[in-house]
Amino acid sequence: YKALGLSPGAELPGPDPVQLRDKLVADGLSASVCINDLEPPAQKVLPKLVAIKEALESGGFHTVLLSGSGATTFALSKDAEASPRAALEAAGVWEESMYVA
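Residues numbered from 1 in each chain as written. Predicted model: local features only at pLDDT ≥ 70, side-chain atom pairs only at ≥ 80, totals over all residues. Heavy atoms only, no water.

Moving on, we get to the pattern of salt bridges. This structure, assessed with the given rule, holds six salt bridges. Between D22 and R21 there is a salt bridge; the shortest N-O distance is 2.8 Å. D22 sits in the partly exposed class, given a relative accessible area of 39%. Exposure remark for R21: the relative accessible area of 47% places this residue in the partly exposed category. A salt bridge links K48 to E95; the nearest nitrogen and oxygen atoms lie 2.1 Å apart. Taken together, the residues span a long stretch of sequence, with K48 in helix 3 (residues 48-58) and E95 in the segment after helix 4 (84-90) at a distance of 47 residues. (Salt bridge = Lys/Arg side-chain N within 4 Å of Asp/Glu carboxyl O. Buried < 20%, exposed > 50% of the residue type's maximum accessible area, 1.4 Å probe, protein only. Helix = DSSP H or I, 4+ residues; strand = E, 2+ residues; numbered from the N terminus.)

So this is what it looks like as structure tokens:
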């Protein structure tokens, strides 16, 4: 809660989850409906997460999101040939401990 600037029980700022759901149903999956309130605090703790996200976005992925509080980043692309590893290597952020599925 502290990293989010909230006290227990406080409402999260940002988009209304019901409106996001309705937009997802109407328009499909996109970066505009993929919201993770834990992403900004996680990026403050581990700034490399920002570099990873930016590398994937630059590599042609239209939706890049941190899953949960930072264990996994996922990236979606309409190009079946898009390579997360290549994007991360090109940006100099690839590590052998990373896993790409």
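Picking up after the structure, the text goes on.
With that settled, the discussion passes to the environment of P84. Relative to the elements of secondary structure, P84 occurs in helix 4. Setting aside its immediate chain neighbours within four residues, P84 contacts L56, F61 and V100. (Contact = heavy atoms within 4.5 Å.)

Turning next to the pairing of strand 1 (residues 63-67). For a regular strand, side chains alternate in direction, first toward one face of the sheet and then toward the other. The buried fraction of strand 1 amounts to four of the five residues, a majority that puts the element mostly inside the structure. Where strand 1 meets strand 2 (residues 72-76), five bridges bridge the pair, whose relative direction is antiparallel. Looking at strand 2, one finds that L66 is bridged to T73. (Pairing = 2+ DSSP bridges.)

The biggest cluster of nonpolar side chains holds nine residues, and these are I52, A55, L56, F61, V64, A87, L88, V93 and W94. Those elements that provide at least two residues to this core are helix 3 and helix 4. Looking at which element gives the most residues to this core, the answer is helix 3, with three residues. Setting aside residues up to four positions removed in sequence, I52 forms contacts with T73, L88, V93 and M98. (Core = buried A, V, L, I, M, F, W, Y, C linked by side-chain atoms within 4.5 Å.)

Of the voids in this model, the largest pocket is the one considered here, and its volume is about 470 Å³. If you go around the largest pocket, you meet 20 residues; those closest to its centre are T72, T73, F74, Y99 and V100. Put simply, the parts of the chain that give the lining of the largest pocket at least two residues each are helix 3, strand 2 and helix 4. Considering only residue class, the lining of the largest pocket consists of 15 nonpolar, three polar and two charged. (1 Å grid on protein atoms, 1.4 Å probe; cavity = no way out; pocket = protein on both sides within 12 Å on 5 of 7 lines; lining within 4 Å. Points joined across faces, edges and corners; volume = space filled by probe spheres on them. Nonpolar A, V, L, I, M, F, W, Y, C, P; charged D, E, K, R; others polar.)

With that settled, the discussion passes to the environment of C34. Position of C34 among the secondary structure elements: in the loop between helix 1 (17-27) and helix 2 (39-45). Linking C34 and R21, residues 13 residues apart in sequence, is a C-alpha distance of 9.8 Å. Not counting residues within four places of it along the chain, the set of residues in contact with C34 comprises L29, T63 and L65.

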